[in-house]
Amino acid sequence: EIEAKYTKKMQVLRDELDLRRKTEIHEVEERKNSQISELMRNHEKAFSDIKNYYNDITLKNLALISLLKEQMEEMKKRENHLEKEKADVLLQNKQLKEPLQQAQEQVSELQKKLAHYDKDKEALTNTKARLKVTQKELKDLQWEHEVLEQRFSKVQAERDELYQKFTKAINEVQQKTGFKNLLLERKLKGLLSVLEKKEVELSEVFAASSLDPGALSLVSHKLEDVLNSKNTTIKDLQLQLARVCKAHNDMLQTFEAKLTAFGIPLDNLGFKPLASPVLGQ
């Protein structure tokens with residue numbers, strides 16, 4: 001019974017597995033057929049594309065061959081034409097051989113001349129460069145000359161102005177100094193004459209009066225004080241006169257130094273400035 005039971009189960013399992021196998025085989029065949037049909041379609045499409053591609057290439061090659069044939073015929077024509085031109089050129093070369101030799105000789109002579117020309121050209125370039133430098137130096141010198149002329153004119157004007165100022169100042173100082181010296185000398189002479197008169201009057205007074213020695217001594221002291229005061233005034237006036245004379249002489253020395261610095265000789269003044277004598281010299 002067990003054997004029969006499992007035999008039956010085995011038969012049922014075999015039937016199920018056989019059915020499953022058949023189903024799977026059927027599905028595999030269907031997939032295989034679909035893949036085969038798709039592959040055939042792809043192959044047909046690829047074959048059609050390749051066929052069209054090679055047909056296009058063939059057509060292009062045929063067109064290129066025909067074009068190359070035409071070009072070849074044209075090149076043959078050109079070659080024939082060039083052969084004719086070559087023959088003509090060879091003939092012309094034979095005819096031009098003698099002029100060519102003459103031209104070569106002329107070229108050699110011209111090359112020699114060109115070598116000399118290059119040397120002359122280089123010398124001319126150097127001369128032009130030196131000429132430019134010389135012209136620049138000339139312009140600079142002209143400009144400096146103009147500047148110096150302007151400065152010379154300015155210095156001449158300043159010299160003339162200074163000469164006029166110094167001449168005027170000399171005249172004014174000489175006039176003032178002379179006038180002041182004259183006043184001081186007159187004042188000094190007046191004081192000296194007054195002193196002499198006072199001394200004479202004082203001696204007459206002493207001789208005529210009968211003063212006692214004490215009063216006479218007092219009067220003498222007062223008189224000495226007055227005389228000392230007058231002597232001090234005289235010394236002050238003499239010092240003032242000496243200072244004025246020294247200032248006048250210093251100004252003359254400065255004036256002569258300035259004239260010498262500007263190149264003006266003292267003889268062109270028209271007069272000779274006089275130095276005032278200083279007291280005690």
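Details of the structure are given in the entry above.
Everything numeric in this text was worked out from a predicted model, so none of it was measured. (Residues numbered from 1 in each chain as written. Predicted model: local features only at pLDDT ≥ 70, side-chain atom pairs only at ≥ 80, totals over all residues. Heavy atoms only, no water.)

*Asks:* Mind showing me how you'd approach the overall build of the chain here?
*Replies:* Looking only at helices and strands, the chain has 2 helices and 0 strands in total. Within the chain, the proportion of its 281 residues that are buried is 9%. Here the contacts in the chain between residues at least 6 apart in sequence split such that 82% fall between residues at least 24 apart. Roughly 24,500 Å² of accessible area belongs to the chain as shown, and the carbon and sulfur atoms make up 58% of that amount. (Helix = DSSP H or I, 4+ residues; strand = E, 2+ residues; numbered from the N terminus. Buried < 20%, exposed > 50% of the residue type's maximum accessible area, 1.4 Å probe, protein only. Contact = heavy atoms within 4.5 Å. Areas by Shrake-Rupley, 256 points an atom, 1.4 Å probe, with all protein chains shown as cover.)

*Asks:* What am I meant to see in the pattern of salt bridges here?
*Replies:* Pairs can form between side chains of opposite charge once their charged atoms are near each other. Inspection of every chain in the model, using the stated rule, returns 5 salt bridges. With a shortest N-O distance of 2.4 Å, Asp18 and Arg21 are connected by a salt bridge. Of this pair, Asp18 and Arg21 both sit in helix α1 (residues 2-208), 3 residues apart, which is roughly one turn of the helix. Overall, the relative accessible area of 26% leaves Asp18 in the partly exposed class. In this structure, Asp18 engages Lys22 in a salt bridge whose closest nitrogen and oxygen atoms are separated by 3.7 Å. Taken together, the positions of Asp18 and Lys22, both in helix α1 and 4 residues apart, correspond to about one turn of that helix. A single network of salt bridges, built from pairs that share partners, joins Asp18, Arg21 and Lys22. (Salt bridge = Lys/Arg side-chain N within 4 Å of Asp/Glu carboxyl O.)

*Asks:* Would you explain a negative patch on the surface in this entry?
*Replies:* Together, Glu24, Glu27, Glu29 and Glu30 make up a negatively charged patch on the protein surface. Structurally, Glu24 is set in helix α1. Owing to a relative accessible area of 45%, Glu24 belongs among the partly exposed residues under this scheme. (Patch = residues over 30% accessible without salt bridge, like charges linked within 9 Å, V, L, I, M, F, W, Y side chains within 5 Å. Lys, Arg positive; Asp, Glu negative; His and termini not counted. Charge placed at Lys NZ, Arg CZ, Asp CG, Glu CD.)

*Asks:* Honestly, a nonpolar patch on the surface in this entry has me stumped. Any pointers?
*Replies:* On the surface, Ile50, Tyr53 and Tyr54 cluster together into a nonpolar patch covering about 350 Å² of accessible area. Relative to the assigned elements, Tyr54 resides in helix α1.

*Asks:* It is not clear to me how the environment of Phe262 should be interpreted in this structure. Could you clarify?
*Replies:* Residue placement: Phe262 occurs in the segment after α2 (213-261). By relative accessible area, which is 32% here, Phe262 ends up partly exposed. Sequence-wise, Phe262 and Leu162 are 100 residues apart; in three dimensions their C-alpha atoms are separated by 9.9 Å.

*Asks:* Is there a simple way to think about the packing of aromatic side chains in this case?
*Replies:* Scanning the entire structure with this criterion turns up 1 aromatic pair. Where Tyr53 meets Tyr54, the ring centres are 5.4 Å apart and the plane angle is 75°; that geometry is what we call edge-to-face. (Phe/Tyr/Trp six-rings, centres within 6.5 Å; stacked < 30°, edge-to-face > 60°.)

*Asks:* Explanation requested: the environment of Asp160 in the structure shown.
*Replies:* Here Asp160 lies in helix α1. Here Asp160 falls in the partly exposed class, since its relative accessible area comes to 35%. As a C-alpha pair, Asp160 and Phe262 span 102 residues in sequence and 9.9 Å in three-dimensional space.

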